[in-house]
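The chain contents come next:
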Amino acid sequence: MSSLLVDNIGELVTNDPSGEGLLGLRRKAAVLIDRGRIAWVGPSFHAPAADRRYDAGGAAVLPGFVDSHAHLVFAGDRAEEFAARMAGEPYTGGGIRTTVGATRSATDDELRGSTGRLVDEALGQGTTTIEIKSGYGLTVEDEARCLRIAREFTEETTLLGAHVVPAEHAGNPWRYVSMVCGPMLAAAKPYAKWIDVFCERGAFDEDQARTILTAGRDAGLGLRVHGNQLGPGPGVRLAVEMGAASVDHCTHLADDDVDALAGADTVATLLPGAEFSTRSPYPDARRLLDAGVTVALATDCNPGSSYTSSMPFCIALAVREMHMTPAEAVRSATLGGASALRRDDVGVVRAGARADLIVLDAPSHLHLAYRPGVPLIRTVLHDGVPR
Ligand code: NIG
Ligand code: FE
């Protein structure tokens, strides 16, 4: 593989403290890529020789987006449920069981095809690292199958067997918890890096969530939690107590939750696509940022609460609806996502990092929120290869 110089970059977002401001900006910059990694970053006029040159034409370049929360392995859609919500129905998570039925009935090839289409859709919008959860199989075989398929697309795979208690176990949730902790975890483990629990009224309570997270940790998986989405609850504090990498949603927070996050290395991952699509109040991002909490932005792409794969859309929502500055939103969608996945090789532009870059059709990162809904992604380089 030959080296590639991305040259004539008007504004380079590095997320490296050696650059200017929150985003580590560099002007009139160039990036040398060699064997899928960034080999050098510096001013254009000092750029080293390379086998090939890509002229960014003065545009903005930033690290590929890191979408640290997505549910991509499913069949069917729930457009009618969305329409009903827009007519006033509340979101309860009850529709998850509809998708479970459709997913169980789908063939491997159908699930592989639909997952691949969503991964491509995300890549076209700048996402170069994506986490993919199971959670619409909810049997030992179907959860393992969904993770096996997810693993074909990403190394960031998450067992979400504890999404909801499936109908066949409705009378005995603890029996289902035992199944998740025993045979499901064993069958999923070869394909899963993480374990996640939907800790929420109507899904799994604190004791059940702790039991599942403990079993996952004992099996060597990293921990993630869906917490405090639909109401106040124990999810955030449990995630911090267990040392989870991330607690996701964080829509309904008490002061204790914010204090717990402020003193921990658990990332608060905000999913504004879910609030958009469920017409719910947005999380208070300012309160978290002002308390010093590391915030990530992710899509939560799923057929129920947030059927978008677009990180630029989430950035625009975060700025307009959650009062994040454009720089905070871009940082959360790149470096924040990397922190939520405990990765230091993505979400940054510096020597040694993966050569995952977005070239915008715009002179500055500000345009991502300033021009919502406009396809501003000119080129995506993934592992140094233009897509
Ligand atoms: O993160 N909260 C639980 N799970 C998903 C929604 C899944 C669905 O509605 O199908 C979420 O929003
Ligand atoms: Fe989710």
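Only a predicted model underlies this, so the values are computations on that prediction, with no experimental measurement involved. Counting from 1, residues in each chain are numbered in the order their sequence is written. Think of it this way: whatever chain is written first is A, whatever ligand is written first is 1, and the rest follow in order. Only residues with pLDDT of at least 70 are given local features in this predicted model, and only at 80 or more are side-chain atom pairs given and counted; all residues enter the totals for whole chains, interfaces and linings.

UniProt positions are given in the numbering used here, feature names are shortened, and annotations may be inferred rather than shown by experiment. Sites flagged by UniProt as "binding site: N-formimidoyl-L-glutamate" (unreviewed entry) map to Tyr136, Asn302 and Gly304. Taken along the chain, the residues just named run across 169 residues; in space they keep tight, none of their C-alpha pairs more than 11.3 Å apart. Positionally, Tyr136 belongs in the loop between β8 (132-133) and α4 (140-151). Among all residues touching Tyr136, those that are not within four sequence positions of it are Val73, Phe74, Thr99, Val100, Thr103 and Cys146. Secondary structure elements follow DSSP: runs of H or I of four or more residues count as helices, runs of E of two or more count as strands, with numbering from the N terminus. Along the chain, the position of Gly304 falls in the loop between β14 (295-297) and α11 (311-322). Exposure remark for Gly304: the 24 C-beta atoms within 10 Å place this residue in the buried category. With residues near it in sequence (within four places) discarded, Gly304 still touches Arg78, Glu81, Gly95, Ile96 and Thr99. Once C-beta atoms have been placed from the backbone, residue pairs whose C-beta atoms lie within 7 Å are recorded as contacts. Counting other C-beta atoms within 10 Å of a residue's C-beta gives its exposure: the residue is buried at 20 or more, exposed at 12 or fewer, and partly exposed in between, where C-beta atoms are placed from the backbone.

A few words now on the site of ligand 1. Around ligand 1 there are 14 residues in total, and Ile96, Phe198, Asn302, Gly304 and Ser305 lie nearest to it. Under the scheme applied here, ten amino acids are nonpolar (Ala, Val, Leu, Ile, Met, Phe, Trp, Tyr, Cys and Pro), four are charged (Asp, Glu, Lys and Arg), and all others, including Gly, are polar. Residue composition of the shell around ligand 1, grouped by class: 4 nonpolar, 9 polar and 1 charged. A molecule or strand has a residue near it when that residue's C-beta atom, placed from backbone coordinates, lies within 6 Å of it.

Secondary-structure assignment places Ser277 in helix α9 (residues 272-278). Linking Ser277 and Tyr307, residues 30 residues apart in sequence, is a C-alpha distance of 7.8 Å. Other than its neighbours up to four places away in sequence, Ser277 contacts Phe82, Ser305, Ser306 and Tyr307.

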